[in-house]
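One letter stands for each residue in the lines below.
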Amino acid sequence: MTFWQASSPLGGLPKIKSARSRRESSWDRTGGNRDFAVVPAGGTHVLADLTGTGIITHIWLTTRCYSPQYLRKIVLEMYWDGEDTPSVRSPLGDFFGVGHAVSSHFVALPISQVTGPRRGPKGPFAAAMNCYFPMPFASSARIVIRNESDQPIENLFYYVDYDLTDEPVPDDIGRFHALYRQEKPTQKVVHPATADKPAPWDLPGVNVTGDDNYVILDAEGTGHYVGCVLSIDNFDASNQEFTWPGEGDDMIFIDGEVWPPSLHGTGTEDYFGAAWGFPSGAYAGPYHGISLASSAQEHFGLWSLYRFHIEDPVRFSASIRVTIEHGHANDQGNDYSSVAYWYQHLPHRPTPELPPVEQRLPRRWPEHGLWDE
């Protein structure tokens with residue numbers, strides 16, 4: 001077994017590999033306890049700027065910032081092997097599994113947030129955030145935080161753990177990618193009305209193209225898709241008789257295929273590992289879960305859902321388009337946002353800029369349990 005050969009998470013632990021373990025962190029170089037960086041409003045901080053060949057194995061960080069909704073204003077970017085545009089670009093909170101500029105306690109296999117009672121100067125939405133997605137690099141790795149808020153990041157604590165090796169990266173090792181997208185609101189497709197309230201399986205309208213679906217990922221190259229976080233603000237519910245967005249089917253189009261795609265699902269809650277709605281509310285499984293459940297009336301409020309294809313990655317040779325209906329046959333107009341995670345060979349399609357801060361802020365935001373409409 002070489003350094004780069006895959007092994008199961010626990011079964012591979014006895015194997016002694018030829019590598020050098022290293023860490024970049026915010027520890028106080030004076031020997032004191034100010035183990036954090038301060039990032040001014042509009043400023044940038046480099047968490048890691050690595051040279052050589054290796055793999056990032058773990059990222060931990062936590063922040064304190066007094067700008068409201070700062071988890072959507074702070075941006076995380078990652079660059080591999082001297083690339084000009086990042087392979088990772090996402091608001092901080094969304095990358096770590098929860099949308100809507102809030103934090104929520106959950107622990108999945110590749111990412112987690114750890115929250116608890118608010119003490120001292122932490123602010124309303126502080127969290128410890130962890131990422132265990134492996135991130136290989138052949139010559140360099142650069143991880144950057146951009147503060148696009150109007151307040152400084154008073155405290156930025158972080159670890160970036162990695163291994164260096166003298167073995168070259170094999171040709172079949174992809175680079176980690178993650179990209180945030182949003183549609184606010186999704187464009188509702190109006191279907192003929194029915195006389196009575198139909199059962200979910202009798203809802204009017206058909207979708208035989210997938211053209212109007214919400215797009216989670218649209219990538220070119222060779223690689224495999226390993227999951228997403230999808231956040232929904234179901235604000236349109238008050239204008240409809242049927243308010244549940246879970247009837248939206250997932251459709252994944254591989255290598256330029258047209259409808260029907262190779263992977264066609266049966267509903268949003270089904271793709272995210274639940275059924276018959278989300279009967280348990282928030283829960284955290286290793287591969288799928290609900291990291292944020294609505295704090296308003298059932299199904300009407302804010303949701304963040306995750307699904308990781310750890311055991312079942314979706315492979316593509318030329319392109320992939322991961323989509324999901326917003327309601328049955330796209331009959332609902334709500335705010336959708338997402339982060340897709342995938343591996344592919346470089347180079348990748350040029351990474352789009354994020355929407356401006358004011359456009360990516362949530363329509364509704366719960367502060368200390370209260371709703372700001």
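Quick notes on the rules
Residues numbered from 1 in each chain as written. Predicted model: local features only at pLDDT ≥ 70, side-chain atom pairs only at ≥ 80, totals over all residues. Heavy atoms only, no water. Helix = DSSP H or I, 4+ residues; strand = E, 2+ residues; numbered from the N terminus. Contact = heavy atoms within 4.5 Å. Patch = residues over 30% accessible without salt bridge, like charges linked within 9 Å, V, L, I, M, F, W, Y side chains within 5 Å. Areas by Shrake-Rupley, 256 points an atom, 1.4 Å probe, with all protein chains shown as cover. Salt bridge = Lys/Arg side-chain N within 4 Å of Asp/Glu carboxyl O. Buried < 20%, exposed > 50% of the residue type's maximum accessible area, 1.4 Å probe, protein only. Pairing = 2+ DSSP bridges. Core = buried A, V, L, I, M, F, W, Y, C linked by side-chain atoms within 4.5 Å. Phe/Tyr/Trp six-rings, centres within 6.5 Å; stacked < 30°, edge-to-face > 60°.

J.: What should I look at first to understand the environment of T268 in this one?
T.: The topology assignment puts T268 in helix 3 (residues 268–271). Distance in space between the C-alpha atoms of T268 and M135 is 29 Å, their sequence separation being 133 residues. Ignoring any residue separated from it by four or fewer positions in sequence, one finds T268 in contact with P245, G246, E247, G248, L305, I324 and E325.

J.: I would appreciate a short explanation of unusual backbone geometry in the present structure.
T.: Most peptide bonds take the trans form, and the phi angle of most residues other than glycine is negative. Residue P185 follows K184 across a cis peptide bond; omega there is -10°. Secondary-structure assignment places P185 in the loop between strand 13 (175–183) and strand 14 (214–220). The omega torsion of the bond from W259 to P260 falls at 0°, within 30 degrees of zero and hence cis. Summarising the element assignment, P260 is placed in the loop between strand 16 (250–254) and strand 17 (263–264). At D255, a residue that is not glycine, the phi angle is positive and equals roughly 55°.

J.: Help me understand a nonpolar patch on the surface in this model?
T.: A cluster of nonpolar side chains, namely V206, V208 and W259, defines an oily patch on the protein surface of about 290 Å² accessible area. Looking at the secondary structure, you find V208 in the loop between strand 13 and strand 14.

J.: Sorry, what's going on with the pairing of strand 15 (residues 223–233) here?
T.: Along any regular strand the residues' side chains alternate between the sheet's two faces. By the criterion of burial, strand 15 is predominantly enclosed, with 10 of the 11 residues buried. In terms of strand pairing, strand 15 meets strand 21 (residues 314–316) through 3 bridges, oriented antiparallel. Directly across from Y225, in strand 21, lies its bridge partner V314. By the bridge criterion, 10 bridges tie strand 15 to strand 23 (residues 335–344) in an arrangement that is antiparallel. Each bridged residue has a counterpart across the sheet, and for V229 the counterpart in strand 23 is V339.

J.: Even after reading the chapter, I still don't get the nonpolar core, so can you show me in this structure?
T.: Looking at soluble globular proteins, one finds that nonpolar side chains tend to be buried together. One finds I56, F95, F133, M135, F176 and Y341 to be the most contacted residues of the largest nonpolar core, which totals 55 residues. With 6 residues, the top contributor of residues to this core is strand 12 (residues 153–164). Excluding anything up to four places from it in sequence, M135 contacts G54, I55, I56, I59, M78, W80, F95 and F176.

J.: Even after reading the chapter, I still don't get the packing of aromatic side chains, so can you show me in this structure?
T.: Any aromatic ring pair is given by two values, namely how distant the centres are and how the planes are angled relative to each other. Enumeration over the complete set of coordinates arrives at 16 aromatic pairs. Their ring planes at 80° and their centres at 5.9 Å tell us that F133 and F308 sit as a pair that is edge-to-face. Of the two residues, F133 is situated in the loop between strand 9 (128–131) and strand 10 (135–137) and F308 in strand 20 (residues 302–308); the sequence distance between them amounts to 175 residues. Of the residues examined, F133 reaches a relative accessible area of 3% and is grouped as buried.

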